[in-house]
Amino acid sequence: MSLASYTARRIALGLVQVLAVVTLVFLLVQALPGDAAVALAGDNPDPARIAQIRAAMGLDRPAPERFVEWLVGLPRLDFGVSLVSGRPVADFLSGGIGPTLVLAALTLVLLVPISVLVGVLAALREGSLLDRALTSISVALHSIPEFALAVVLIAVFGVQLAWLPPTAVGADLFAQPAVLVLPLVVLLARPICSISRLVRAGMVDALASDYVRHARRLGIGETRVRFAHALPNALAPAVQQVARTTDWLLGGVIVVEAVFVIPGLGTVLVDAVAARDLPVIQGLAVVFAVTTVAVNLLADLVAFRLAPRAEVVA
Amino acid sequence: MSLNRRGFLGLTGLTVVTLAGCGTPTGPAAAPRTGGRLRAAFAGGGAKEVLDPHLANLFVEAARSKAMFDKLADLGNDVSPQPRLAEKWEPNADLTRWRITLRQAKFHDGRPVRAQDVLASYARILDPNRAFRAKSSLALIDLPNSRAVDDRTVEFALKRPFSEFPNALAAFGAYIVPEGAEDFAKPVGSGAFSFVSFEPGRSVLLKRNPDYWEGAPLLDELEFVIANEESARTNALLGGQVEYAHDLTPTTARSHASGDRMAIHRSPNSAVQAFAMKLDRPPFDNRDLREALFLLADRPQLVESVLAGSGQVGNDLFGKDYQHYAGDIPQRQRDLDKAKFLIRKAGAEGLVVKLDTSTAAAGMVEAATVFADQAKGSGLTIEVVQGNKDSYWADTLKNGSLSSFRSGAMPIETHIAQRLLKGAGTNVTKWNRPEFDALYEKAVSTSDQGAREAAYREMQQVLHAEGGYLMWGFADWIVGAKPNVGGISTAPANTLDWARFDKVWLG
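Rules behind the numbers
- Residues numbered from 1 in each chain as written.
- Chains lettered and ligands numbered in written order.
- Predicted model: local features only at pLDDT ≥ 70, side-chain atom pairs only at ≥ 80, totals over all residues.
- Heavy atoms only, no water.
- Helix = DSSP H or I, 4+ residues; strand = E, 2+ residues; numbered from the N terminus.
- Rg over C-alpha atoms; globule rule 2.2 N^0.38 Å.
- Buried < 20%, exposed > 50% of the residue type's maximum accessible area, 1.4 Å probe, protein only.
- Areas by Shrake-Rupley, 256 points an atom, 1.4 Å probe, with all protein chains shown as cover.
- Lys, Arg positive; Asp, Glu negative; His and termini not counted.
- Charge placed at Lys NZ, Arg CZ, Asp CG, Glu CD.
- 1 Å grid on protein atoms, 1.4 Å probe; cavity = no way out; pocket = protein on both sides within 12 Å on 5 of 7 lines; lining within 4 Å.
- Points joined across faces, edges and corners; volume = space filled by probe spheres on them.
- Phe/Tyr/Trp six-rings, centres within 6.5 Å; stacked < 30°, edge-to-face > 60°.
- Axes fitted to C-alpha atoms, helices over the stretch in contact; angles between N-to-C directions.
- Parallel < 35°, antiparallel > 145°, perpendicular 65-115°, else oblique.
- Contact = heavy atoms within 4.5 Å.
- Nonpolar A, V, L, I, M, F, W, Y, C, P; charged D, E, K, R; others polar.
- pLDDT = per-residue confidence, 0-100.
- Domains from an automatic or database assignment.
- Buried area = accessible area lost by both parts, 1.4 Å probe.
- Salt bridge = Lys/Arg side-chain N within 4 Å of Asp/Glu carboxyl O.
- Polar contact = N/O pair within 3.5 Å; in protein donor to acceptor, adjacent residues only side chain to side chain.
- Pairing = 2+ DSSP bridges.

Chain B is annotated in an unreviewed UniProt entry as ABC transporter substrate-binding protein of Lentzea alba.

Attention now moves to the overall build of chain B. Per the secondary structure count, chain B includes 15 helices and 21 strands. Relative to a compact globule of 507 residues, whose C-alpha radius of gyration would be 23 Å, chain B shows 25 Å and is just as compact. When the backbone C-alpha atoms are referred to their principal axes, chain B occupies close to 80 × 70 × 40 Å. In chain B, which comprises 507 residues, the share counted as buried stands at 57%. Accessible area of chain B: about 19,800 Å², with a carbon and sulfur share of 52%. In chain B, the 60 positive side-chain charges and the 60 negative ones have mean positions that sit 2 Å from each other.

Residue and element names in this part refer to chain B. Evaluation of the coordinates by the stated rule reveals 8 cavities of 30 Å³ or more. Here the largest cavity defines a volume of roughly 140 Å³. Together, 17 residues line the largest cavity, and Lys-66, Phe-69, Asp-70, Tyr-212 and Leu-496 are the ones closest to its centre. When contributions to the lining of the largest cavity are tallied by element, the ones reaching two or more residues are α2 (59-68) and β2 (70-71).

Before going further, it helps to spend a moment on the packing of aromatic side chains. Residues and elements named next belong to chain B. Applying the stated criterion across every chain yields a total of 21 aromatic pairs over all chains. Pairing Tyr-212 with Trp-213 gives two aromatic rings, centres 5.3 Å apart and planes at 50 degrees, and the pair type is tilted. Like Trp-213, Tyr-212 is buried. On the numbers, 4.8 Å between centres and 75 degrees between planes, the contact of Tyr-244 with Phe-501 is edge-to-face. Of the two residues, Tyr-244 is situated in strand β13 (residues 244-245) and Phe-501 in the loop between β20 (485-486) and β21 (505-506); the sequence distance between them amounts to 257 residues. In this pair, the class of Tyr-244 matches that of Phe-501, namely buried.

Moving on, we come to the packing of helix α8 (residues 287-296) of chain B against helix α15 (residues 449-466) of chain B. Residue and element names in this part refer to chain B. Relative to each other, α8 and α15 sit at 85 degrees, their axes nearing to 8 Å. Judged by the angle between their axes, α8 and α15 are roughly perpendicular. Residue-level inspection shows Arg-287, Arg-290 and Phe-294 of α8 in contact with α15, the latter providing His-464, Ala-465 and Glu-466. A per-class count over the contact of α8 with α15 returns 2 nonpolar, 1 polar and 3 charged.

A separate point is the confidence of the model for chain B. Residues and elements named next belong to chain B. On average, residues of chain B score 91 in pLDDT, and 93% of them reach the 70 mark or higher. Scored below 50 in pLDDT, residues 1-27 makes 5 contacts in the model with residues more than four places away or belonging to other chains. Across the interface, the model reports ipTM at 0.85; the global pTM reads 0.87.

Glancing now at the layout of surface pockets. Reported here for the second largest pocket is a volume of approximately 1,100 Å³. Lining the second largest pocket are 47 residues; nearest its centre among them are A:Ser82, A:Leu83, A:Val84, A:Ser85 and A:Gly86. For the lining of the second largest pocket, the elements supplying multiple residues, two or more each, are α3 (47-57), α4 (63-73) and α13 (278-306) of chain A. Among the elements that take part in the lining of the second largest pocket, α4(A) stands out by supplying 5 residues, more than any other. Residues that form the lining of the second largest pocket fall into these classes: 23 nonpolar, 10 polar and 14 charged. Here the lining of the second largest pocket gathers at least three residues from each of two domains, domain 1 (5-67 + 191-262 + 482-506) and domain 2 (70-176) of chain B.

Note on interface size: it is often stated as the accessible area lost on association of the parts. All names here are of chain B. The domain architecture assigned to chain B consists of domain 1 (5-67 + 191-262 + 482-506), domain 2 (70-176) and domain 3 (269-475). Computed over C-alpha atoms only, the centres of domain 1 and domain 3 are separated by 33 Å. Across the boundary between the two partners, domain 1 contributes 5 residues, which contact 9 residues of domain 3. Together, the buried faces of domain 1 and domain 3 total about 560 Å²; carbon and sulfur atoms form 54% of this surface. Sorting the residues of domain 1 by area buried against domain 3 places Pro-250, Arg-254 and Pro-492 first, and these three jointly supply 61% of that buried surface. Run the count over domain 1 and domain 3 and you get 1 salt bridge. Across the pair Arg-254 and Glu-304 runs a salt bridge whose closest N-O atoms are separated by 3.1 Å. Applying the counting rule to domain 1 against domain 3 returns 4 residue pairs in polar contact (both at pLDDT 80 or more). Of the residues that constitute the side of domain 1 that touches domain 3, the class distribution is 3 nonpolar, 1 polar and 1 charged.

For the rest of this paragraph, the subject is the sheet that holds strand β6 (residues 97-102) of chain B. Residue and element names in this part refer to chain B. Taken together, the 4 strands give an open sheet; going across it, the order is β5-β6-β8-β7, and neighbouring strands pair in antiparallel fashion. Of all the strands in the sheet, the pair left with one neighbour each is β5 (86-91) and β7 (147-150). The sheet shows a mean angle of 25 degrees between the axes of neighbouring strands, direction not considered. Note that β5 and β6 share 5 bridges and pair antiparallel.

See below:
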């Protein structure tokens, strides 16, 4: 099978997966207690008023009918209209995707070079003081949950020392890039550890492998052996982890968004679920499912280019 | 040791001197001054956020609506109606027709506020195909028979005599919008601030309305920003990113009350904290058991632990110190022996009662847990059950027999009408007494002040003795601000002066 037909098959499979995710999300939201009318009525749950809200939202029509109607619009990229505010779902998605993309892109731009550099350094000096120091720091950082790190960083650098803004409240992320520093540190902390560990392990394996020994016997320069022959193979397992991290970032890291007040996709999701705003939740499910499928496909293709294996093409 | 101690004392002295030195010029004691932009952080609701004042539901929406729009009346510090866009109101003798004279006010686009705008706003709220929050309060207006006498006089016809009609004019969300307004992308109101820009889920920017009928605000600009987490609002305030942080917890207030980075403003009597017993089903259809629960509650302990002391004890009656409140009914105290006796008398010894609660409002789960602990040793076991927060109020209206309850400020008459009459929409305690309904009818249909007060007192007496609400406390509403922000009122939440920014200044 060629790379092109492999890609086509994966995309077709991806479409089925997206559809399955959206259906599952619809069923799960139906299973939650209360609907959008109940959530909106809040502490004033007069049954007569809830019935009126339900009618005004069109929730008095059968759920499958509303779902099918929403699905029909999907191929035209019509995500429907928010039940609660009446604004198009596309507005919510485009509003939330900006901050999420900025954070994800900046995190990846910093993450990949730093973690590869750290991993390679540790592998080349395997067993040295540097290797052990990097390992200890990685393991320690990796064991701190995001919210805990965020709270400590805000308390120290945001509030006590006042070096950096503690939150991004009301800020334009491009006009005031300082608000992104602390969130980026929090988002980078754990992925740097996991990816640099994978790069290190891959590099250590590669440097000890037969083909590297063979390359050295052929008299190829050490730098070329390390970076042209060993490194690409060492990166292949890390690519999968970068893909998982990308997926995690594009889903909107809810904890980081909440603590730093960044109105990304995670915040949109939390608000939509609390409001039982089904069209918005479904729109988000499509976005998340599409990014997961796309990122994983891309990662598989990149991994294949880095270290071609027979079974992918066969 | 002694060296360290001396050093410590010296340092403290220095800090006090420094504080005193820099506190004076920027302190709130400085006289009101104009100018500047105040940024106020509120919790928001993302998808739910709208600028249509009739759809207002969240605190941030209420505060924004109040800045841009006016009602005919609004609630004063004692939660009684005060004239706003209405200059005065005059009922006829049988309280079925009310003549309202409007103030000379202008919308932000320069058009005058006319009687037609008032009628159109109310018609929009009362539209049978829509579900605005103020609808139930305004439902007694007979709109087809109401009319604009002239541009500044409206005559409302009511479906029944109603002495508390001004309460309806002050109802949550009963704002006056220009006739025909439907698109609120760029809202036009008559309020102290006019619209500049809106980014849903992020911020709303408003500017001073120099022609405001009550005098132009002191601030040049007012920006509402959204931060859902209380810790984020606190951090943004401490980090100088906002000057005002709405709705902080008692714990935050306690830890920053003595510091110099944040001023704490408390609005007493803002949110009643309670447990609701349902009278239409066992076990609380038994009056003795209800009284036993009243006597089991250790109110000072609940206020101290759940509200971290930021509140006052309640006496099982709504609206402490509000207009018509029966403050002379003696305060109930914990009496474990009498409670045990009543539980035995009701044959409820060994009974396990489920107490439904959720995180739908701050402190409810904690209060339920503390109360369950206070009931230990009484013969009755209270088992705390935590439910889904998003559907909590609708769930507990129908199900269970005992649940956590909380309510913001509203007139006592509104509380009774919405929650304690036969057929009331949110009658969570299922209180249903024809003689009580008759007392209410008497209170709202008489123009005799003395008879009205007597009826209110009698209703509260019976509720105190055998009602279904165990109202154990009133929480302060807590707002944090930069120490240089002046003019923040401590009126109860939901009243006119709460979250009101036209009287606020930056020192």
